[in-house]
Amino acid sequence: MSDYEDSKDESLIEKIHDHKNSSSSSSSSDSEDDSKLASIKSNVFRLFGREKPVHKVFGGGKPADVFLWRDKKLSGGVLGVATAIWLLFEVLEYNFLPLICHALILSLSVLFLWSNASTFIKKSHPQIPKISIPEEPLMQIVAMLRIEINKRFATIQDISSGRDLKKFLLVIAGLWIVSSIGSCCNFLTLVYTLFVLGFTVPVVYEKYEDKIDPFGEKAWIEIKKQYAVFDEKVISKIPKSLKNQKKE
């Protein structure tokens, strides 16, 4: 009887060990699969060479939530205000100065009627709120703007120095394209169009990035081919003395 119990205990222990080994092997295989999946994802082509999610690219804060429609009420409100401004100034051809004057006239009239009618309706006089801006966050914003502006000036100086001829030609071509687009529409319409694109393109890309990125990869390969042809036929024919002069 004792021999039977000993053999039974031994078989139970063996089953426990087998279960532990199988669970450890399955966990190790799961970790290997996760690492393989991560390596595959890292090798996938992403537009503009991004390595972070779209939300992180936009800063990951409240602006990212607004542009990616995380808060639909706030995003819809911002887009609605922008649309109303565009309709007022572009469609209805309202000028900025008359709009401000009419808004002030309406506000002063409402405050005048409210102040004089307060004795009859037994309510207190309207109080105009005071704006108070904390000094520390304001100084931080100014410091960040100063740093970004200095970076842009440094970039402009680096491009204009002619050390990188390809970058210089690309910037000139980009500015020419922007000027051509700007000649077709006025500044407000262009800003509103960019604003609407900012509220539509990122959220659509975030939703369908796995389908859009392959097309982006094909387009990028084609652009590189065309640029190689342009480099061979145009840039390579620039006299070496001019290249050396630009590098200096």
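Each chain has its residues counted from 1, following the order in which its sequence is written. Totals for whole chains, interfaces and linings use all residues, but because this is a predicted model, local features are given only for residues with pLDDT of at least 70 and pairs of side-chain atoms are given and counted only at 80 or more. Remark: hydrogens and water are excluded; side-chain values derive from all non-hydrogen atoms of the structure.

- Labelled according to an unreviewed UniProt entry, the chain appears under the name Reticulon-like protein, originating from Lactuca virosa.

**Focus on the overall build of the chain**
Next up, step 1: Looking only at helices and strands, the chain features 10 helices and 0 strands.
Next up, step 2: Helix numbering and strand numbering both begin at the N terminus, where a helix is a DSSP run of H or I of at least 4 residues and a strand a DSSP run of E of at least 2. Each helix (α) and strand (β) of the chain, taken in turn from the N terminus, gives the series α-α-α-α-α-α-α-α-α-α.
Next up, step 3: Within the span of the chain, comprising 248 residues, buried residues form 10% of the whole.
Next up, step 4: Put simply, 57% of the contacts in the chain that link residues at least 6 apart link residues at least 24 apart. Exposure classes here rest on a 1.4 Å probe applied to the protein chains alone. A residue is buried below 20% of its type maximum, exposed above 50%, and partly exposed in between. What makes two residues a contact is simply this: any of their non-hydrogen atoms within 4.5 Å.

**Examining helix 6 (residues 135–160)**
Next up, step 1: Taking 1.5 Å per residue as the helical rise, helix 6 with its 26 residues ought to reach 38 Å, and the 37 Å between its terminal C-alpha atoms agrees with that figure.
Next up, step 2: Just beyond helix 6, the residue with positive phi is Gly162, at close to 85°. The span one expects for a helix is its residue count, reduced by one, times 1.5 Å.

**Regarding unusual backbone geometry**
Next up, step 1: Even without being a glycine, Trp69 presents a positive backbone phi close to 60°.
Next up, step 2: Within the element layout of this structure, Trp69 appears in the loop between helix 3 (62–67) and helix 4 (72–91).
Next up, step 3: On the basis of relative accessibility, which here comes to 27%, the residue Trp69 falls in the partly exposed class.
Next up, step 4: A positive phi angle, close to 55°, is found at Glu93, a residue other than glycine.
Next up, step 5: Note on placement: Glu93 falls in the loop between helix 4 and helix 5 (96–121).
Next up, step 6: For Glu93, a relative accessible area of 64% corresponds to the exposed category.

**Details of the confidence of the model for the chain**
Next up, step 1: For the chain, per-residue confidence averages 75 on the pLDDT scale, and 72% of positions sit at 70 or higher.
Next up, step 2: On a scale of 0 to 100, pLDDT captures the predictor's confidence in every residue. Counting interchain partners and residues more than four positions distant, the pLDDT-below-50 stretch residues 36–41 has 0 contacts.

**Comments concerning the UniProt feature "transmembrane region" (unreviewed entry) in the chain**
Next up, step 1: UniProt positions are given in the numbering used here, feature names are shortened, and annotations may be inferred rather than shown by experiment. When the UniProt feature table is mapped onto this chain, "transmembrane region" (unreviewed entry) is found at residues 74–89, 95–114 and 168–195.
Next up, step 2: Taken end to end, residues 74–89 is 100% helix and 0% strand, and its two terminal C-alpha atoms sit 23 Å from one another.

**Things to note about the packing of helix 4 against helix 8 (residues 187–207)**
Next up, step 1: For helices, the axis comes from a line fit to the C-alpha atoms of the stretch in contact; other axes are also lines fit to C-alpha atoms, and the angle between any two N-to-C directions lies between 0 and 180 degrees. Between helix 4 and helix 8, the least distance of the axes is 11 Å, while the angle of their chain directions is 160°. Here helix 8 runs roughly antiparallel to helix 4, going by the angle between their axes. Considering only the axes of helix 4 and helix 8, their crossing is left-handed. Where helix 4 approaches helix 8, its residues Ser75, Val78, Leu79, Ala82, Thr83, Trp86, Phe89 and Glu90 are matched on the opposing element by Leu188, Thr189, Tyr192, Phe195, Val196 and Phe199.
Next up, step 2: Side-chain classes follow a simple rule in which Ala, Val, Leu, Ile, Met, Phe, Trp, Tyr, Cys and Pro form the nonpolar group, Asp, Glu, Lys and Arg form the charged group, and the remainder, Gly included, forms the polar group. Per-class residue counts for the contact of helix 4 with helix 8 are 10 nonpolar, 3 polar and 1 charged. Oblique is the label for any angle not covered by the other classes, which are roughly parallel (under 35 degrees), roughly antiparallel (over 145) and roughly perpendicular (65 to 115). Crossings are assigned a handedness: left-handed for a near helix turned anticlockwise from the far helix by less than a right angle, right-handed for a clockwise turn.

**Points about the packing of aromatic side chains**
Next up, step 1: In this analysis, rings of Phe, Tyr and Trp, with Trp reduced to its six-membered ring, are considered paired at centre separations within 6.5 Å, and the interplanar angle assigns stacked below 30 degrees, edge-to-face beyond 60, and tilted for intermediate values. Within the structure shown, the criterion is met by 5 aromatic pairs.
Next up, step 2: Ring centres 5.0 Å apart and planes at 45° place the aromatic pair Phe67 and Phe199 in the tilted group. Within this pair, whereas Phe67 is found in helix 3, its partner Phe199 is found in helix 8, the two being separated by 132 residues in sequence.
Next up, step 3: Residue Phe67 is classed as partly exposed on the basis of its relative accessible area of 25%.
Next up, step 4: An aromatic cluster is built from Phe67, Trp69, Phe195 and Phe199, whose rings are joined through pairwise contacts.

**Section: the pattern of salt bridges**
Next up, step 1: Think of a salt bridge as a Lys or Arg side-chain nitrogen and an Asp or Glu carboxyl oxygen that are within 4 Å of each other. With the rule as written, the count across this model stands at 3 salt bridges.
Next up, step 2: A salt bridge links Arg70 to Glu206; the shortest N-O distance between them is 2.8 Å. A residue pair is termed long-range when its members are at least 10 positions apart, and Arg70 in the loop between helix 3 and helix 4 and Glu206 in helix 8 qualify at 136 residues.
Next up, step 3: What makes Arg70 partly exposed here is its relative accessible area of 45%.
Next up, step 4: The residue Glu148 makes a salt bridge to Arg152 at a minimum N-O spacing of 3.3 Å. Residue Glu148 and its partner Arg152 are located together in helix 6, separated by 4 residues, close to a single helical turn.
Next up, step 5: Among the residues examined, Glu148 registers a relative accessible area of 33% and is labelled partly exposed.

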